[in-house]
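Structural description and commentary
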Amino acid sequence: MRKIVLTPTYDSYGDVEILSNFLVALGGVYNVYREGRNIVIELADGQSPAEVVRTVLDMGHELALPVYVFTAKKGLDDRVVVRRLEEHPLIVAAEYYPRSGRGAVVAVPGASREGVEAALRSAVDGAVVESASIQPIRKSFG
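Conventions and cut-offs
- Residues numbered from 1 in each chain as written.
- Predicted model: local features only at pLDDT ≥ 70, side-chain atom pairs only at ≥ 80, totals over all residues.
- Heavy atoms only, no water.
- Helix = DSSP H or I, 4+ residues; strand = E, 2+ residues; numbered from the N terminus.
- Rg over C-alpha atoms; globule rule 2.2 N^0.38 Å.
- Buried < 20%, exposed > 50% of the residue type's maximum accessible area, 1.4 Å probe, protein only.
- Contact = heavy atoms within 4.5 Å.
- Areas by Shrake-Rupley, 256 points an atom, 1.4 Å probe, with all protein chains shown as cover.
- Lys, Arg positive; Asp, Glu negative; His and termini not counted.
- Charge placed at Lys NZ, Arg CZ, Asp CG, Glu CD.
- Pairing = 2+ DSSP bridges.
- Core = buried A, V, L, I, M, F, W, Y, C linked by side-chain atoms within 4.5 Å.
- Patch = residues over 30% accessible without salt bridge, like charges linked within 9 Å, V, L, I, M, F, W, Y side chains within 5 Å.
- Salt bridge = Lys/Arg side-chain N within 4 Å of Asp/Glu carboxyl O.

Observations concerning the overall build of the protein
A count of helices and strands for the protein gives four helices and seven strands. Along the protein, from the amino end to the carboxyl end, the secondary structure elements read β-α-β-β-α-β-α-β-β-α-β. In terms of C-alpha radius of gyration, the protein reaches 16 Å, essentially the compact-globule figure of 14 Å for 142 residues. Seen through its principal axes, the protein has C-alpha atoms that stretch 45 × 30 × 25 Å. For the protein, buried positions account for 42% of its 142 residues. Put simply, of all contacts in the protein between residues at least 6 apart along the chain, 67% involve residues at least 24 apart. For the protein, the accessible area works out to roughly 7700 Å², and carbon and sulfur atoms hold 49% of it. Of note, the protein has its 16 positive side-chain charges centred 7 Å away from the centre of its 18 negative side-chain charges.

Description of the pairing of strand β2 (residues 29-35)
Looking at chain direction, β2 and strand β3 (residues 38-43) are connected through six bridges and run antiparallel. Residue pairing across strands places N31 opposite E42, the latter belonging to β3. Counting the residues that bridge the hairpin from β2 to β3 gives two residues, and of these G36 lies at a positive phi of roughly 70°.

Let's talk about the nonpolar core
One finds L6, L23, I39, I41, V53 and L65 to be the most contacted residues of the largest nonpolar core, which totals 24 residues. Counting only elements with at least two residues in this core, the list comes to β1 (2-8), α1 (13-26), β2, β3, α2 (49-58), β4 (63-71) and β6 (102-107). The biggest single contributor to this core is α2, with five residues. Non-local contacts of L23, meaning those with residues more than four positions away in its chain, are made with V29, V32, I41, V52, T55 and V56. Counting residues in each nonpolar core, the second largest holds 20 residues, with Y68, A72, V81 and V105 among its members.

Some words on a nonpolar patch on the surface
Residues I18, F22, L26 and M59 make up a contiguous nonpolar surface patch of roughly 370 Å² in combined accessible area. Structurally, the position occupied by I18 is in helix α1. For I18, a relative accessible area of 56% gives the class exposed.

Structural notes on the pattern of salt bridges
Evaluated as defined, the whole model comprises seven salt bridges. Between D58 and K139 there is a salt bridge, with the nearest N and O atoms lying 2.5 Å from each other. With D58 in helix α2 and K139 in the segment after β7 (128-137), this residue pair connects regions lying 81 residues apart in the sequence. Given the relative accessible area of 40%, D58 is considered partly exposed. For K139, a relative accessible area of 40% corresponds to the partly exposed category. Across the salt bridge formed by E62 and R138, the nearest N and O atoms sit 3.8 Å from each other. Here R138 lies in the segment after β7 and E62 lies in the loop between α2 and β4, a separation of 76 residues in the sequence.

Side note on the environment of A119
Looking at where A119 falls in the secondary structure, it is placed in helix α4 (residues 113-123). With 25 residues separating them in the primary sequence, A119 and A94 have C-alpha atoms 12 Å apart. Beyond its immediate chain neighbours, meaning those up to four positions away, A119 contacts L85, H88 and I91.

Next comes the structure, spelled out in structure tokens:
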């Protein structure tokens with residue numbers, strides 16, 4: 001079993017209760033509970049942590065997540081780069097700009113920098129992390 005600790009940018013107990021009922025009903029999630037300001041999610045071993053975080057974002061929650069800016073070779077197909085990155089269980093979201101060769105990934109909380117760098121290298125040859133920060137992330141609809 002693996003735990004993910006999410007830090008929401010808001011404070012509402014009711015939202016966590018609804019989130020818990022939904023995620024546990026989907027399968028692959030054993031438990032969801034509050035620990036202080038944080039939301040702790042206990043996952044089955046085979047469940048992708050990135051997929052669970054994406055589901056939480058899909059439900060309209062805004063979370064503080066690690067963001068890594070990287071550089072790679074210019075001119076790659078951005079759709080292929082993003083798809084490869086988002087298939088990795090540590091990468092929640094990705095973007096890549098072919099003209100500049102720069103991009104960014106949003107990682108699962110608790111993912112090590114080395115783990116994110118390995119995910120980048122496996123998806124994009126020559127990718128190098130330039131910077132890392134924690135940013136508020138929400139999904140934009142519209």
